[in-house]
Amino acid sequence: MTSLALTRDRIARVRPGPALAALLIAAFLLLFLVVPVVQVIFVAFQDKTTGAFTLVNFADFFRNDLFMRSFGNSVYVSAMSVVVASLLALPLAYLTTRFEFRGAVLIQSLGIIPLIMPPFIGAVAMQLLFGRNGSVNLLLRDHFGFSIPFMEGLNGVIFVQSIHYFPFILINLSASLKNIDRAMEESAQNLGCHGFRLFRRIVFPLAMPGYVAGASLVFIKVFDDLGTPLLLNVNDMLAPQAYLRISSIGIADPMGYVISVVLIACSLLALWVSALAMRGKDYATVQRGGGGLARRRMKPLELVAAYAVVLLILVLVLAPHIGLGLLSFATIWSFSPLPDAFTLKHYHTVFTESGQYITNTLLYASLAALLDVVIGTAIAYLVLRTKLPGRQWLDYVAMAALAVPGVVLGIGYLRSFYGVPMPFSGQPLSNFWLILVFALAIRRLPYALRACTAALQQVSSSLEEAAENLGATKLRTVGRIVVPLMSGGILAGFVTSFATAAVELSATIMLVHSQSDAPLAYGLYVYMQSAAGRGPGAALGIFAVIIVGLGTYLSHVVIERGRRERGQDH
Amino acid sequence: MKTTDRASEGNPIMNHQFSPAALAPRIESVGVDIEGVNLSYGSNHVLKDVNLAIRPGEFFAFLGPSGCGKTTLLRLIAGFNTAQQGEVRIGGRDISVLPPHRRDVGMVFQSYALWPHMTVRRNVAFGLEERRVPRAEIERRVDAALDLVGLKHLADRRPSQLSGGQQQRVALARTVVIEPKILLLDEPLSNLDAKLRVQMRQELLSLQRKLGLTTIFVTHDQEEANTICDRIAVMDDGRVQQVGTPQDLYDHPANLFVAGFLGTANVLDGTVQGGDGGSVFVGAGITPVALPPSVAPGAAGKLMFRPQNLIIRQDGTPPAPGHARLAGRIRHREFLGASIRYAVDVGGQLVQVDAPHQAGDALLAPDAPIILDLAADKARFLSR
């Protein structure tokens, strides 16, 4: 242990300021990440009545048909979502990297649009468009006499998830394709290779790490997601089962914990597999003067085909948004391709009855995001700029949140904080709204931390040394030099955290105690439970899309402006 | 580069002699003819009426500053870009319409372009596999090629585990193993450190000599081109400025660009006037210099000579026959070891003079006046 090896000499050199910050962060991570998760794992291995160590809970899990079916379904849905998402992403990535294609801008927006709306919000709208009696199938049946089961059972989850998550594959795959040096391809041509063989032997293997990274991310996200299956009323999957066990039987029932452990194990497994696939394969081969594969102009027929593919995917990607928009203005929409009539009533309902959802969301998400960038910046600084023993562990622990599904964190919080009474009111601590903020902050911390670390890595330490040399203290240097130079990255981290926290459902749904404390995502879930609530629910969903979309756009503008001002325009 | 890599670059690999006997007997060397080539990217005219005849078995260099079009011309031969006009013939056959993979032209890329997902052996075998060579023969020829560059013991490593010099050898082996008609080298030494570069260029030359492979070498380094190439095409601004042996180019540059690019050149402004014995060059601070009869009085141009063409006179004797005399004042000096370079102000123009140095010789003081003699037949009058 490093701490034991500390000599008096080394202790003397550790400054009190960074050490204090490190201790505070460590305490926060311990209390709101490590303890709840360890608690969950602990309970899964505990006998319900005696509290002794046992494997009987796991035996029960594997003997239970419902759980085994749920497990199988979760694996199947995640794997199929990866397949469908790949089918959407591959042609788009190929088009942008291989051809001089004006539609590239369109493809870039395709990569962002789905991400600004969480899948569960669009799920109901997708039912209305693609469900058994949705617009598309009604039209198909009327005109051609058949229908397509897009949304039947697990199909619905796969369909909604892959439309939402394919950008992860698109972005990663495009990036690694762009990182292949042109000489890689040319040298193969020079040695007599061309066409599909060239793609199979050189281009595809070099792009593989990017694809695996994207695909494993999609797998984990889909495997852990609670909101989409819940809203589509598909309950025989793992995350919904964990939620239903806890919410219907209670926090003492061990099965919820066992499922949580299985979820964590699967996330870790997927991360491990992708790490294994990527090991020793840092294939970024672009040399100076190089840059990307050779592009060529498309022939007219190819151009038509390319636009057809892009437009088809664009329509699919926009379908949830369009459906949601229609639904939010619809009087009645049932068994017809389009709503019967339009109204503003639902927006009125949301404003008068449910304003608290929106204000709560803004409050929680901005607090969580603020917490994230403060902690993210601090950890980045501690890791990169100090010699504090054990500093690397702050980074590891914060990143570990990536492998903890929201529903698991929610269960862990319930278990850890339900028994702790609040001062004065005597209410359980887990009912306190700030706990929700902490849960959101922990969930989004890995993204903010990476953004802050990347930003700090770009600030040369000689800039700091210059400030100190001219008489600034460490703290003043951080305030006047480091943080301003990191501002672009910090802002990006803030917005990502904010936008995703604003529509988080998995952890939220476990922890919301009263309607008045509930954020938007929870309100939406409640509305969507009844047919009458769909309209207002959709209107609320539109608000969510606007909040997230606006945030994303603003950060883009600010970051671009900052980059231009600092002349980093390349 | 890691220090361990550097260590492995020392003996014995470093001193390995290429042994071409291991490779299959070479097919006959072929020449390359480039005729009337014009190439533009949009409004950017990159190659302007390029004509070259590269002889079979020759080690030929495209030499020029960056942006002169030398790499574009090399890539044109390999088929990675297309000229709007003109043709390229290899062994008399027009290859302008062939796609890169059917040209049989081996190219070693500046970045080596070794595929990181394949071992050294797989990299080298790639071109033979594409040619559907039988498996047993592939193994035999890959072994021979790796033997040739002294890397057989590293055949199962990944490129990322090799040092820069080793990667360079793998790239070379990967190219020569397919027995291409000609070999193209795109700044192959630019990614190596200075010491290794000197070593590698000798090895390149001995490999080329033994294989008898017509080779084109692109570089911006005149020393590199001078030391290993039979002939050089000096390029600037998309045009071939001059073609010749290194000595030719240095001693008889066709224009001021070639003169300056192949070494330090003193250039004096002045006029050409008619005299008794023919034209003479008249300039400030210099006695008239006799010019060859081909230069007519009134011709525009400059007088060019090398720093070592000047002789410092301190004894006050008149210039020997056929010599012109320059009078100036030393501005500053650089001690180079074997010689001392003085910058001398001659009639308002700076002239560099190299004086050989021996231990015990005194240096001339800056600001001292100085008399210099120049043999007229060493100076050249260049019209552009």
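Everything numeric in this text was worked out from a predicted model, so none of it was measured.

## Quick notes on the domain arrangement of chain A
All names here are of chain A.
Logical step 1: Domain boundaries in chain A define domain 1 (14-45 + 343-569) and domain 2 (72-234 + 296-342).
Logical step 2: The centre of domain 1, based on its C-alpha atoms, is set 28 Å off from the matching centre of domain 2.
Logical step 3: Counting only elements with at least two residues in the side of domain 1 that touches domain 2, the list comes to α18 (406-417), α22 (506-511), α23 (520-528) and α24 (534-565).
Logical step 4: Per-element accounting of the side of domain 1 that touches domain 2 gives the leading share, 11 residues, to α24.
Logical step 5: Looking at side-chain class alone, the side of domain 1 that touches domain 2 contains 14 nonpolar, eight polar and one charged residues.

## Points about the domain arrangement of chain B
Logical step 1: Split into domains, chain B comes out as domain 1 (3-260) and domain 2 (266-382).
Logical step 2: Here the C-alpha centroids of domain 1 of chain B and domain 2 of chain B sit 41 Å apart.

## Section: the interface of chain B and chain A
Logical step 1: Each side of the interface is counted separately: chain B has 19 residues, and chain A has 20 residues.
Logical step 2: Residues belonging to the side of chain B that touches chain A are distributed by class as follows: 12 nonpolar, five polar and two charged.

## Observations concerning the sheet that holds strand β11 (residues 266-269) of chain B
Residue and element names in this part refer to chain B.
Logical step 1: A sheet is described by the order of its strands in space; here three strands give the open sequence β11-β15-β21, paired in antiparallel fashion. Because the sheet does not close on itself, it has two edges, and the strands there are β11 and β21 (380-382). The average undirected angle you get between the axes of adjacent strands in this sheet is 35 degrees.
Logical step 2: Bridge count between strand β15 (residues 302-305) and β21: three bridges; the pairing is antiparallel. Residue pairing across strands places leucine 303 opposite phenylalanine 381, the latter belonging to β21.

## Describing helix α19 (residues 433-457) of chain A
Logical step 1: Taking 1.5 Å of rise per residue, the 25 residues of α19(A) would be expected to cover 36 Å, and the 35 Å separating its terminal C-alpha atoms lies within 8% of that figure.
Logical step 2: Its maximal kink placed at Leu445(A), α19(A) deviates by approximately 50 degrees, while the proline Pro446(A) follows within four residues.

## Looking at the packing of helix α12 (residues 238-249) of chain A against helix α13 (residues 254-278) of chain A
All names here are of chain A.
Logical step 1: Running from amino to carboxyl end, α12 crosses α13 at an angle of 155 degrees, the nearest separation of the two axes being 8 Å. On the basis of the axis angle, α12 is roughly antiparallel to α13. In this structure, the crossing between α12 and α13 has a hand that is left-handed. Where α12 approaches α13, its residues Leu238, Ala239, Gln241, Ala242, Arg245 and Ile246 are matched on the opposing element by Met255, Gly256, Ile259, Ser260, Val262 and Leu263.

## A closer look at the confidence of the model for chain B
Residue and element names in this part refer to chain B.
Logical step 1: Residues at a pLDDT of 70 or more form 93% of chain B, whose mean pLDDT is 88.
Logical step 2: Taken as a whole, residues 1-17 scores under 50 in pLDDT and shows 14 contacts with residues more than four places along the chain or in a different chain.
Logical step 3: For this predicted complex, the interface score ipTM comes out at 0.74, alongside a pTM of 0.76.

Parameters and conventions
- Residues numbered from 1 in each chain as written.
- Chains lettered and ligands numbered in written order.
- Predicted model: local features only at pLDDT ≥ 70, side-chain atom pairs only at ≥ 80, totals over all residues.
- Domains from an automatic or database assignment.
- Helix = DSSP H or I, 4+ residues; strand = E, 2+ residues; numbered from the N terminus.
- Nonpolar A, V, L, I, M, F, W, Y, C, P; charged D, E, K, R; others polar.
- Contact = placed C-beta atoms within 7 Å.
- Pairing = 2+ DSSP bridges.
- Axes fitted to C-alpha atoms, helices over the stretch in contact; angles between N-to-C directions.
- Expected span 1.5 Å × (residues − 1).
- Bend = angle between axes of the 7 residues up to and from the residue.
- Parallel < 35°, antiparallel > 145°, perpendicular 65-115°, else oblique.
- Left-handed = near helix turned anticlockwise from the far one by under 90°.
- pLDDT = per-residue confidence, 0-100.

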